[in-house]
Amino acid sequence: RKEVEQDPGPFNVPEGATVAFNCTYSNSASQSFFWYRQDCRKEPKLLMSVYSSGNEDGRFTAQLNRASQYISLLIRDSKLSDSATYLCVVNNNQGGKLIFGQGTELSVKP
Amino acid sequence: NAGVTQTPKFRVLKTGQSMTLLCAQDMNHEYMYWYRQDPGMGLRLIHYSVGEGTTAKGEVPDGYNVSRLKKQNFLLGLESAAPSQTSVYFCASSAIRGVADTQYFGPGTRLTVL
């Protein structure tokens with residue numbers, strides 16, 4: 001079983017739609033969680049950290065459920081510019097190493 | 001402020017050839033990392049460094065060596081390239097150790113081994 005698993009998609013949605021990505025992790029000792037965004041053929045960039053209380057940044061909302069070892073990302077009012085691959089990332093506090101999911105591809109259409 | 005830079009951006013090698021990928025960061029970060037990204041596999045850690053002069057193995061270290069002689073540079077070497085090493089290689093860095101520290105990535109090196 002992979003340490004971090006995501007639905008690879010692709011998710012094809014119209015502009016304005018709400019889309020949710022899910023992610024599960026296997027190590028219950030994991031301590032911090034992130035969503036990164038990766039545009040085609042570019043480097044990953046931090047989108048947002050994920051906190052136990054849930055957190056929101058504009059149209060983006062991230063949730064963490066430690067009991068179920070589950071992380072989610074909700075994007076409201078999708079824009080064309082949201083088209084990218086979204087990476088679920090977990091830090092197990094082992095030398096600062098990050099464990100990446102394989103990514104979920106999102107394509108927002110006009 | 002360039003952040004994290006990588007050279008070269010593209011390279012084609014023949015099986016058995018050697019090469020070195022250079023990563024440089026100007027953010028005075030302690031931690032540096034080398035990843036490879038393959039379709040459907042996500043990013044996998046090759047080697048990492050927690051400070052100048054130190055290196056450690058990641059998830060997929062075989063066939064690679066690294067050196068961190070200067071704090072700002074992290075070199076990844078392929079001694080005898082194999083087609084299985086065809087991939088996109090990303091370097092990253094992060095500040096003094098913290099569980100929630102952000103990693104900043106370079107633009108990547110696209111390597112093809114024929």
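To keep things clear, this report deals only with the structure shown in the data block.

### Quick look at the pattern of salt bridges
Residues and elements named next belong to chain B.
- Summed over the entire model, instances satisfying the criterion amount to seven salt bridges over all chains.
- A salt bridge links Asp 38 to Arg 44; its shortest N-O distance comes to 2.8 Å. The burial state of Asp 38 is the same as that of Arg 44; both residues are buried.
- Within the structure, one salt-bridge network assembled from shared partners comprises Arg 36, Asp 38 and Arg 44.

### Looking at the interface of chain B and chain A
- Contacts between chain B and chain A engage 23 residues on the former and 21 residues on the latter.
- Summed over both sides, the interface of chain B with chain A buries roughly 1800 Å², with 54% coming from carbon and sulfur.
- If you look at where chain B meets chain A, you find zero salt bridges.
- Put simply, chain B and chain A have three residue pairs in polar contact (both at pLDDT 80 or more) between them.
- Secondary structure elements with two or more residues in the side of chain B that touches chain A: strand E4 (31–38) and strand E5 (42–49) of chain B.
- The residue makeup of the side of chain B that touches chain A, split by class, is 13 nonpolar, seven polar and three charged.

### Observations concerning the nonpolar core
- Counting 23 residues, the largest nonpolar core has A:Phe21, A:Trp35, A:Ile71, A:Leu73, A:Ile75, A:Tyr86 and A:Leu106 as its most contacted members.
- Elements that contribute at least two residues to this core include exactly strand E3 (19–25), strand E4 (32–38), strand E5 (44–50), strand E7 (60–65), strand E8 (70–75), strand E9 (84–91) and strand E11 (104–109) of chain A.
- With residues up to four places along the chain from it excluded, the contact list for A:Phe21 reads A:Phe11, A:Trp35, A:Ile71, A:Ser72, A:Leu73, A:Ile75, A:Tyr86, A:Thr104 and A:Leu106.
- Counting residues in each nonpolar core, the second largest holds 19 residues, with B:Met19, B:Trp34, B:Tyr89 and B:Cys91 among its members.

### Some remarks on the sheet that holds E8(A)
All names here are of chain A.
- As summarised here, the arrangement of the five strands in space is E1-E3-E8-E7-E6, forming an open sheet in which the pairing is antiparallel. What marks the edges here is a single partner per strand, and that holds for strand E1 (4–6) and strand E6 (55–57). On average, each strand axis in the sheet is tilted by 20° relative to the strand beside it, whichever way the strands run.
- Pairing of E1 with E3 involves three bridges; the strand directions are antiparallel. Within E3, the residue paired with Gln 6 across the bridge is Cys 23.

### Considering the sheet that holds strand E8 (residues 73–78) of chain B
Residue and element names in this part refer to chain B.
- Read across the sheet, four strands follow the order E1-E3-E8-E7 without closing on themselves; strand pairing throughout is antiparallel. Strand pairing shows two members of the sheet lacking a second neighbour, strand E1 (4–7) and strand E7 (64–67), which therefore form its edges. Taken over all neighbouring pairs, the strand axes of this sheet differ in orientation by 20° on average, direction set aside.
- In the sheet, E7 pairs with E8 via four bridges, with the strands oriented antiparallel. Considered in E8, the bridge of Val 66 is made with Leu 76.

### Let's talk about the packing of aromatic side chains
Residues and elements named next belong to chain B.
- A complete count under the given rule lists 14 aromatic pairs over all chains for this structure.
- Taking 5.6 Å as the distance between ring centres and 35° as the angle between the ring planes, the aromatic pair formed by Tyr 35 and Phe 105 counts as tilted. Taken together, the positions of Tyr 35 in strand E4 and Phe 105 in strand E10 (residues 104–105) put the pair 70 residues apart, joining distant regions of the chain.
- Tyr 35 sits in the buried class, given a relative accessible area of 0%.
- According to the relative accessible area criterion, Phe 105 is buried, its value standing at 8%.

Each value, and the rule that gives it
- Residues numbered from 1 in each chain as written.
- Chains lettered and ligands numbered in written order.
- Predicted model: local features only at pLDDT ≥ 70, side-chain atom pairs only at ≥ 80, totals over all residues.
- Heavy atoms only, no water.
- Salt bridge = Lys/Arg side-chain N within 4 Å of Asp/Glu carboxyl O.
- Buried < 20%, exposed > 50% of the residue type's maximum accessible area, 1.4 Å probe, protein only.
- Contact = heavy atoms within 4.5 Å.
- Buried area = accessible area lost by both parts, 1.4 Å probe.
- Polar contact = N/O pair within 3.5 Å; in protein donor to acceptor, adjacent residues only side chain to side chain.
- Helix = DSSP H or I, 4+ residues; strand = E, 2+ residues; numbered from the N terminus.
- Nonpolar A, V, L, I, M, F, W, Y, C, P; charged D, E, K, R; others polar.
- Core = buried A, V, L, I, M, F, W, Y, C linked by side-chain atoms within 4.5 Å.
- Pairing = 2+ DSSP bridges.
- Axes fitted to C-alpha atoms, helices over the stretch in contact; angles between N-to-C directions.
- Phe/Tyr/Trp six-rings, centres within 6.5 Å; stacked < 30°, edge-to-face > 60°.

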